[in-house]
Amino acid sequence: MGWTERLQHWLQSLFSGEPGGRRIPERLEYAAPAEDETPVMPISGGRGAGGQPAIAFRRNAVFAAFNTAVPVSDRHGLAGRKKELARLIDAVVKQRKHALIYGARGSGKTSLARVFGDLADEAGCVALYGSASEGADVDGLFRPFLDELPLQRGIAASIPADKPLGIQQIANLFVQGVNQRTLLIVDEFDRVAAERTRHEVASLLKLLTDMHSTVQIVLVGIAGNVDGLLAAHPSLRRHLAAQPVAPIERDELAGLLRLCAQQAGLSFEEEAVQTIVSAAIGSPYHARLFGMHAALNAEAAGRDRIVLADAQKGLAEALAEWSDLTPDMCRVFERALAQAGSLRGMIALAGVLAAHAPILTFERLTAAGTDLFGEELGGATAVDRTIGLIAPALTEDGMPGELQFADSLSPQFLVLMANGAARTRDAASVARDTLDARELLQGVGL
Ligand SMILES: Nc1ncnc2c1ncn2[C@@H]1O[C@H](COP(=O)(O)OP(=O)(O)O)[C@@H](O)[C@H]1O
Ligand SMILES: [Mg+2]
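Residues numbered from 1 in each chain as written. Chains lettered and ligands numbered in written order. Predicted model: local features only at pLDDT ≥ 70, side-chain atom pairs only at ≥ 80, totals over all residues.

- Looking at an unreviewed UniProt entry, one finds the chain named ATP-binding protein and attributed to Sphingomonas naasensis.

1. Focus on the overall build of the chain
Part 1 of the argument: Summing up its helical and strand segments, the chain has 17 helices and nine strands in all.
Part 2 of the argument: The 446 residues of the chain split such that 44% are buried.
Part 3 of the argument: A separation threshold of at least 6 residues defines the contact pool for the chain, and within that pool the share at least 24 residues apart is 78%. (Helix = DSSP H or I, 4+ residues; strand = E, 2+ residues; numbered from the N terminus. Buried ≥ 20, exposed ≤ 12 C-beta atoms within 10 Å, placed from the backbone. Contact = placed C-beta atoms within 7 Å.)

2. A closer look at the pairing of strand β4 (residues 215-222)
Part 1 of the argument: Here β4 lies mainly inside the structure; eight of its eight residues are buried.
Part 2 of the argument: Across the two faces of β4 the burial is the same, with Val215, Ile217, Leu219 and Gly221 and Gln216, Val218, Val220 and Ile222 all buried.
Part 3 of the argument: Sheet topology places strand β1 (residues 98-103) next to β4; five bridges connect them, and they run parallel. Residue pairing in the sheet places Ile101 in a bridge with Val220 of β4.
Part 4 of the argument: Judged from the five bridges that link them, strand β3 (residues 182-187) and β4 form a sheet pairing that is parallel. If you follow Leu183 over to β4, its bridge partner there is Gln216.
Part 5 of the argument: In this fold, the crossover linking β3 to β4 by way of helix α7 (residues 195-210) has right-handed handedness. (Pairing = 2+ DSSP bridges. Right-handed = clockwise from strand over helix to strand, strands pointing away.)

3. Focus on the sheet that holds strand β5 (residues 240-244)
Part 1 of the argument: In space, the five strands of this open sheet follow the order β2-β3-β4-β1-β5, with parallel pairing throughout. What marks the edges here is a single partner per strand, and that holds for β2 (126-131) and β5. Neighbour to neighbour, the strand axes of the sheet diverge by 15° on average, direction disregarded.
Part 2 of the argument: Strand contacts of helix α3 (residues 82-94): β1, β3, β4 and β5, with the helix running at about 170° to β5, the strand carrying the most contacts.
Part 3 of the argument: Together, β1, β2, β3 and β4 form the strand contacts of helix α4 (residues 109-122), whose direction differs from that of β3 by roughly 170°. (Axes fitted to C-alpha atoms, helices over the stretch in contact; angles between N-to-C directions.)

4. Thoughts on the environment of Ala65
Part 1 of the argument: By the secondary structure assignment, Ala65 is in helix α2 (residues 54-66).
Part 2 of the argument: You can call Ala65 buried: it has 21 C-beta atoms within 10 Å.
Part 3 of the argument: Each residue touching Ala65, except ones within four places of it in the same chain, is listed here: Cys260, Gln263 and Ala264.

5. A look at the nonpolar core
Part 1 of the argument: Ranked by internal contacts, the top residues of the largest apolar core, which has 124 residues, are Val218, Leu257, Ile276, Ala295 and Ile347.
Part 2 of the argument: For this core, the element with the highest residue contribution is helix α13 (residues 344-356), accounting for nine residues.
Part 3 of the argument: Structurally, this core is a two-domain feature, drawing no fewer than three residues from each of domain 1 (81-244) and domain 2 (327-406).
Part 4 of the argument: Leave out the neighbours within four places in its chain, and Ala295 touches Val62, Phe66, Ala261, Ala264, Leu266 and Ile306. (Core = buried A, V, L, I, M, F, W, Y, C linked by C-beta atoms within 7 Å. Domains from an automatic or database assignment.)

6. Some details on unusual backbone geometry
Part 1 of the argument: In this model, Arg96 sits at a positive phi of 60°, which is unusual for a non-glycine residue.
Part 2 of the argument: Considering the arrangement of structural elements, one finds Arg96 in the loop between α3 and β1.
Part 3 of the argument: In this structure, Glu188 is a non-glycine residue whose phi angle is positive, near 55°.
Part 4 of the argument: Relative to the helices and strands, Glu188 is located in the loop between β3 and α7.

7. A short note on α3
Part 1 of the argument: When α3 is considered as a whole, its buried residues turn out to be Glu84, Leu85, Leu88, Ile89 and Val92. Buried residues in α3, looked at end-on, bunch into an arc of 130°, giving them a common side.
Part 2 of the argument: Where α3 is buried, its residues contact β1, α4, β3, β4 and β5.
Part 3 of the argument: Once α3 finishes, Arg96 follows within two positions and takes phi at roughly 60°, a positive value. (Arc of directions from axis to C-beta.)

This is the structure:
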């Protein structure tokens, strides 16, 4: 077995067999992705109408179906999140805890939070969404909710418009002014850089718990662990449900891809789906992105079926596009791989591990490396060299020894590069196709 196969094998064992355990209410059941892949009619109802070529409609349908820019808001479109939803419902709706939803960029945090809000709403809570902005203090984080908050009559007039609200005031307002169960979902909380604000938010959560507030807070942000977002008081931990946004399992990602294809009037050959699922390493963002490129290739060839060659070409195109947009990171990876020699597999492994859980430690990489490649190629010395090679792409802003890729979307591309995806086609055709893709994307509103 080559290292790629071994890695795949090892990954599959990682993904499989985790017992679900938790109950899930009946209504959370999703429509299973269609088993047969009979293409449905494309969304382009008026094909050929208005003098436009039918092909443009189909392309637009591909862009719409595989869109990577819009979070999922419909529960039926949310793949592989039953366990997360059940845990959030249990902790937040039933046990009345606050929650923290965290994970990598593109892992599906906003999508999960939206669908969860929707379900909580159905369960009788008012769910309100907001987004943190850089430099916001607690007033900046919570004041925007006041307009929509179900405040008792007369309370709104007592809120000072010209002075920032402090945490005690906000807590009093929530406790005395709101008697309906309300969830405030604060997305992009990672943008709040000030330690002081993060600390104050933790104190506010604690105050709200102590005061038996009917208002609960759900924070959402990019982080590798709880400490990355919130320097939570130890006593807060009991009242805070930390919900990591884990990689999506292979079958669920495959189902998602089939569904997207179906919406665009296309269908996937099984090998093509599996190739994309492998490259996405659990990430819905990458699955959609790679799927879109593959679908465009099938479409360009005038086929309804997305075949393996479309998927392979799509991966190379997605990689080329990423390297155009992130040239510095790409150069770091190129250099690392060029110097890696027998450590190529270890570099890919670092990408795979980071795609699974963003925080890389020497220990984690050593354990997996030894497991996979043995002591010589995967042990401590090999790990030191591997980390050294990719160091310029890593940051260490949490705890010492906890490394993360500065660009949390990049690990999948590193793995593609290590797999040699860029070398499957000559540079000129990559450049040409990327240009095509770019032209196509203009004005589509992605
Ligand atoms: N569970 C899921 N099922 C299907 N698509 C998903 C899922 N989670 C995320 N996506 C898609 O992946 C992309 C990134 O999702 P998003 O929720 O915005 O991630 P994040 O907030 O973590 O950056 C979006 O296109 C979204 O539609
Ligand atoms: Mg988001």
